[in-house]
There are 2 protein chains.
Amino acid sequence: MTERPRSSASPGIPQERSTRQKRALAAVLDTSPVFRSAQELHAELQARGENVALTTVYNQLRALAEVGELDSLRGDDGETRYRRCRTESHHHHLVCRVCGRTVEVDGPEVESWAETVAARHGFADVAHTVEVLGTCADCARYG
Amino acid sequence: MTERPRSSASPGIPQERSTRQKRALAAVLDTSPVFRSAQELHAELQARGENVALTTVYNQLRALAEVGELDSLRGDDGETRYRRCRTESHHHHLVCRVCGRTVEVDGPEVESWAETVAARHGFADVAHTVEVLGTCADCARYG
DNA sequence: ATCGTTGCAAATGTTTTGCATGTCA
DNA sequence: TGACATGCAAAACATTTGCAACGAT
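Since this is a predicted model, take the numbers as computed values, not measurements. (Residues numbered from 1 in each chain as written. Chains lettered and ligands numbered in written order. Predicted model: local features only at pLDDT ≥ 70, side-chain atom pairs only at ≥ 80, totals over all residues. Heavy atoms only, no water.)

Draft legend 1. Quick look at the overall build of chain A. Within chain A, the regular secondary structure consists of five helices and six strands. Beginning at the N terminus, the succession of helices and strands in chain A can be written as α-β-α-α-β-β-β-β-α-β-α. In chain A, which comprises 143 residues, the proportion classed as buried is 34%. Across chain A, the fraction of contacts at a sequence separation of at least 24, relative to all contacts at a separation of at least 6, is 45%. With an accessible surface of roughly 9000 Å², chain A has 49% of that area assigned to carbon and sulfur atoms. (Helix = DSSP H or I, 4+ residues; strand = E, 2+ residues; numbered from the N terminus. Buried < 20%, exposed > 50% of the residue type's maximum accessible area, 1.4 Å probe, protein only. Contact = heavy atoms within 4.5 Å. Areas by Shrake-Rupley, 256 points an atom, 1.4 Å probe, with all protein chains shown as cover.)

Here it is as structure tokens:
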């Protein structure tokens, strides 16, 4: 296996390519403040007249989430929902169980509590998930 | 529709029945300190020589969790894991990502933080999920 | 004898994968 | 052109459901 330099790309590092489908999905995600499932996003694309295969939506969402460009959330119904990250820093979510509206919140108390609790039990490399679920003001009024 | 009193049961309230399968599953759950999936529990039953259909395991787990006898947890892999409740009161979990060991922890800070954050945004009927994931001392040493 | 329970088979629903074809660079 | 992306069809999973047979009370 004699190696030979490629023309203009580092070996092994795959190139991202811009496609209509990626752009369309990105556009939908950009205008979507709440978490949405692959199916919902796919439906939205259809509604916009963009034909993108469901498979592709899945593939993209997974890839984007892996790279950290999307926040993902697994619901009780088994669906994974995605949303574009807004804040760079670590944060948590306050989700309305009725309309799905999401507010990003941070919580120094929680961070330090998690650290403390973990340390007390000898745990290292600590990560944590915090989700607060409730009924937002609007939904409580009319729901 | 003339009504007539039944011999010994209130109408509409179903009776629980004790079966070999239920007992077997309960036994496994009793000796299981960590969260386990339906599949794992089913395998364990097989290993013990108890033939219980996977369907039944699923049915039971769902029923038990509904009644609040089991804590359930949805993992990133899409599997739901179950474990017998230990504490009556509200609590959270500190889970070792390597061996799955679980410690139950409580956190007044978190509770009040969740309340506060939700209230600040006008959310009602607040529930929250908190999970701390880390590597426990043993696994960190040898892992 | 009743009526909850079981468990097979089949359905459901989400997500992944194989692979031939399309397309950006 | 050539590597990555797409998308159909089908697989892979976890879980649920229909329903006939079973068994605890």
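More follows now that the structure is in view.
Draft legend 2. Representation of the sheet that holds strand β2 (residues 70–74) of chain B. Residues and elements named next belong to chain B. Reading across the sheet, the three strands line up as β1-β3-β2 and stay open at both edges, with antiparallel pairing between neighbours. Looking at strand neighbours, the two that pair on one side only are β1 (36–37) and β2, the edges of this open sheet. As judged from the five bridges shared by β2 and strand β3 (residues 80–84), these two strands associate in the antiparallel manner. Pairing of D71 across the sheet is with R83, part of β3. (Pairing = 2+ DSSP bridges.)

Draft legend 3. Spatial organisation of the nonpolar core. L94, W113 and F123 of chain A together with L94, W113 and F123 of chain B are the most contacted members of the largest nonpolar core, which totals 28 residues. Once residues within four sequence positions are removed from consideration, F123 of chain B is found in contact with L94, V95, C96, R101, V103, G134, T135 and C136 of chain A together with A118 of chain B. (Core = buried A, V, L, I, M, F, W, Y, C linked by side-chain atoms within 4.5 Å.)

Draft legend 4. Spatial organisation of helix α2 (residues 38–47) of chain A. All names here are of chain A. Of the positions making up α2, those classed as buried are A38, L41, H42 and L45. Seen along its axis, α2 keeps its buried residues to an arc of 100°; they face one direction. Looking at the packing, one finds that the buried side of α2 touches α1 (20–30), β1 (36–37), α3 (54–67) and β3 (80–84). One or two positions beyond α2, positive phi appears at G49, with a value near 85°. (Arc of directions from axis to C-beta.)

Draft legend 5. Representation of the pairing of strand β4 (residues 92–96) of chain B within the structure. All names here are of chain B. With five of its five residues buried, β4 lies for the most part within the structure. The alternating pattern of β4 places H92, L94 and C96 on one face and H93 and V95 on the opposite face, and all of these are buried. Note that β4 and strand β5 (residues 102–105) share four bridges and pair antiparallel. By the bridge assignment, L94 is partnered in β5 with V103. Two elements, β4 and strand β6 (residues 124–135), share four bridges in a ladder whose sense is parallel. If you follow V95 over to β6, its bridge partner there is L133.

Draft legend 6. Spatial organisation of the relation of the copies chain B and chain A. With an RMSD of 0.2 Å, the operation that places chain B on chain A is a rotation of 180° combined with a shift of 0.0 Å along the axis. Expressed as an axis order, the relation between the two copies is that of a two-fold axis. Within chain B, the C-alpha atom positioned nearest to the axis of rotation is that of V130 of chain B, 2.2 Å from it. Both copies contact each other with a shared surface, as 100% of the interface residues of chain B are interface residues in chain A too. (Least-squares fit on C-alpha atoms with pLDDT ≥ 70 in both.)

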